[in-house]
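Coordinates in review
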Amino acid sequence: MSIRFAERMSRLGTETAFEVLVRARALEAQGKDIVHLEVGEPDFDTPENVIAAGVDALQSGWTHYGPANGDAQLRDAIVAYINGARNLDYTADQVVVTPGGKPIMFFLILALLQAGDEAIYPDPGFPIYGSMINFTGAKPVPIPLREENGFGLDVDELETLITERTRLLIINSPANPTGGVLSRNQLERIAALAVEHDFVVMADEIYAELIYDGEHTSIATFPGMAERTVILDGFSKTYAMTGWRLGYGIFPKELAPAITKLAVNSVSCTSVAVQRAGIAALTGPQDRVADFREAFRARRSLIVDGLNAIDGISCVMPKGAFYAFPNITQTGLTSKEFADRLLDDYGVAGIAGTSFGEAGEGYLRLSYANSEANLARALDRVAAMTRDVLV
Ligand code: PLP
């Protein structure tokens, strides 16, 4: 039988990091030594107290269905954390807990967009934004993030992309894949545009705890924004919990029930034992989070200084997250050619900038969530390849 797919499936994209991981593992199976700088996840173990809380939850009977919008105690802990850390005033009924932060973008985009709508999203940016906007039949409108702006966002340019059909703007600060951080002034101007043109903003703040210079500001803090901002956050990056699958969104009051309905129709609820571990993460000691941040800070210097020491490569210092986004245009190779050759011939798995949008041409994303020894090995290999290419 030849299976007929719904037309919408042809519009759904994917996340290249997982594909590169599969290719890299296949090369390893052939005996090749690979340094993995492709997947965006902390290499640290989840803090002990969080693991203990998860094990204890399983042994204490937290093995049944729970509320679709999340464990009430966890939602209280999330609101206490967000309101404290970001100077906001949310209530627990505005929180929806999901298996990872990713379903928040999936649910929100499904809930808001349809054919005829437009949504603006960062390019280069997390590939699921454009994929999901396309999936709904709405028009994806990329806003280019440029190196000369420190990979921030040109608010004047953003203004030219807004139409009466704009329903949603996605921002991501600190950003994947560039490490860029939106300044307070940029956020304030973006907020004024959102209020003036009456659209929703999804603020993907999953890397909020990983800022190396300055402080994180949430766009939800600006006048008129709490009622039109969705904050996406989660435990994956902050607490090294990628495999546990625990994230959440904080919504305007009228949106939270719609998102809960999508949760009921798909996942029912997030693993209740995992949510108990989440409570321990948020309410327990935060010293491991600070340790992770300081380790990333040291690795950031190592990789960025190392890349800038290579003739033919330049790299701006990322302000947050754990990605370096070097400019490889001087090598004369496209991003894809560079990434493929680096993996196949030199044993370093990175991701072509174009996997994050057309404006990523000329760049490579290297995750520095890896040991300093591995980063040093990767740098030697990038230098060797660049030397070979430039002779
Ligand atoms: N948002 C951004 C920008 C990300 O980079 C990621 C993960 O890579 C996510 C959201 C989703 O993370 P998770 O679903 O593990 O919470």
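This structure is a prediction, so every number in the text was calculated from the model and none was measured. (Residues numbered from 1 in each chain as written. Predicted model: local features only at pLDDT ≥ 70, side-chain atom pairs only at ≥ 80, totals over all residues. Heavy atoms only, no water.)

Turning to the side chain of asparagine 370, a few remarks are in order. Its place among the elements puts asparagine 370 in the loop between β12 (364-367) and α12 (372-390). With residues up to four places along the chain from it excluded, the contact list for asparagine 370 reads Val35, His36, Leu37, Asp43, Arg299 and Leu375. (Helix = DSSP H or I, 4+ residues; strand = E, 2+ residues; numbered from the N terminus. Contact = heavy atoms within 4.5 Å.)

Within the secondary structure layout, leucine 169 lies in strand β5 (residues 166-172). You can call leucine 169 buried: its relative accessible area is 0%. In this structure, the C-alpha to C-alpha distance between leucine 169 and valine 200, residues 31 residues apart in sequence, is 6.4 Å. If sequence neighbours within four positions are ignored, leucine 169 has contacts with Ile120, Leu158, Ile190, Phe199, Val200, Val201 and Met202. (Buried < 20%, exposed > 50% of the residue type's maximum accessible area, 1.4 Å probe, protein only.)

This brings us to the layout of surface pockets. In this model, the largest pocket occupies a volume close to 480 Å³. Lining the largest pocket are 27 residues; nearest its centre among them are Glu15, Gly40, Lys102, Phe126 and Lys237. Elements that contribute at least two residues to the lining of the largest pocket include exactly α1 (16-29), α4 (102-112) and α5 (127-135). Per-element accounting of the lining of the largest pocket gives the leading share, 3 residues, to α1. (1 Å grid on protein atoms, 1.4 Å probe; cavity = no way out; pocket = protein on both sides within 12 Å on 5 of 7 lines; lining within 4 Å. Points joined across faces, edges and corners; volume = space filled by probe spheres on them.)

The next subject is the packing of helix α3 (residues 72-86) against helix α9 (residues 272-283). Each pair of packed helices can be summarised by the angle the axes make with each other and by the distance between the axes. Between α3 and α9, whose axes approach to 9 Å, the crossing angle comes to 30 degrees. As the angle between them shows, α3 and α9 are arranged roughly parallel. Considering only the axes of α3 and α9, their crossing is left-handed. Of α9, the residues touching α3 (which contributes Gln73, Leu74, Ala77, Ile78 and Tyr81) are Gln275, Arg276, Gly278, Ile279, Leu282 and Thr283. In the contact of α3 with α9, the residues fall into 6 nonpolar, 4 polar and 1 charged. (Axes fitted to C-alpha atoms, helices over the stretch in contact; angles between N-to-C directions. Parallel < 35°, antiparallel > 145°, perpendicular 65-115°, else oblique. Left-handed = near helix turned anticlockwise from the far one by under 90°. Nonpolar A, V, L, I, M, F, W, Y, C, P; charged D, E, K, R; others polar.)

One open sheet accounts for 7 strands, arranged β2-β8-β7-β6-β5-β3-β4; its pairing is mixed. The open sheet has two edge strands with one neighbour each: β2 (95-98) and β4 (139-144). On average, adjacent strands in this sheet sit at an angle of 20 degrees to one another, irrespective of strand direction. Pairing analysis gives 4 bridges linking β2 to strand β8 (residues 247-250), with the strands arranged antiparallel. Among the inter-strand pairings, valine 97 is bridged to a residue of β8, identified as tyrosine 248. Set on the sheet, α3 makes contact with β2, β7 (229-234) and β8; between it and β2 the angle comes to about 115 degrees. Along the sheet, α4 makes contact with β2, β5, β6 (200-204), β7 and β8, crossing β5 at roughly 165 degrees. (Pairing = 2+ DSSP bridges.)

What follows concerns unusual backbone geometry. Outside of glycine, negative phi angles account for most residues, and trans bonds account for most peptide bonds. Following aspartate 123, the chain continues into proline 124 via a peptide bond in cis, with omega recorded as 5 degrees. Within the secondary structure layout, proline 124 lies in the loop between β3 (118-123) and α5. The omega angle of the peptide bond from asparagine 176 to proline 177 is 10 degrees, so this bond is cis rather than trans. Along the chain, proline 177 falls in the loop between β5 and α7 (184-197).

On to the packing of aromatic side chains, then. Per the stated rule, a full pass over the model turns up 13 aromatic pairs. Each ring, one from phenylalanine 325 and one from tyrosine 363, has its centre 5.0 Å from the other, and the planes form 5 degrees; the classification is stacked. One end of the pair, phenylalanine 325, is in the loop between β9 (323-324) and α11 (335-346); the other, tyrosine 363, is in the loop between β11 (351-352) and β12, with 38 residues separating them in the sequence. Through a chain of ring-to-ring contacts, three or more aromatic side chains come together here, namely Phe44, Tyr207, Phe292, Phe296, Phe322 and Tyr323. Its end group placed over the ring of tryptophan 62, arginine 276 keeps NZ or CZ at 4.0 Å from the ring centre. (Phe/Tyr/Trp six-rings, centres within 6.5 Å; stacked < 30°, edge-to-face > 60°. Lys NZ or Arg CZ within 6 Å of the ring centre and 35° of its normal.)

A few words now on the sheet that holds β9. In space, the 3 strands of this open sheet follow the order β9-β12-β11, with antiparallel pairing throughout. The open sheet has two edge strands, β9 and β11, and neither has a second partner. Judged from the 2 bridges that link them, β9 and β12 form a sheet pairing that is antiparallel. Bridge pairing in β12 links alanine 324 to leucine 366.

Bridge count between β3 and β4: 6 bridges; the pairing is parallel. Paired with glutamate 118 across the two strands is lysine 139, which belongs to β4. Considered for its hand, the β-α-β crossover made up of β3, α5 and β4 is right-handed. (Right-handed = clockwise from strand over helix to strand, strands pointing away.)

Right, let's get into the site of the ligand. Taken together, 14 residues lie around the ligand, and Gly101, Asp204, Tyr207, Ser236 and Lys237 are the ones closest in. A distance of 2.7 Å separates an oxygen atom of the ligand from a polar side-chain atom of lysine 237. Between arginine 245 and the ligand, the recorded distance is 2.8 Å, taken from a side-chain N or O atom to an oxygen atom. With respect to the pocket detection grid, the ligand is positioned in the largest pocket. (Near = heavy atom within 4 Å. Polar contact = N/O pair within 3.5 Å; in protein donor to acceptor, adjacent residues only side chain to side chain. Sits in = over half its atoms within 2 Å of the grid points.)

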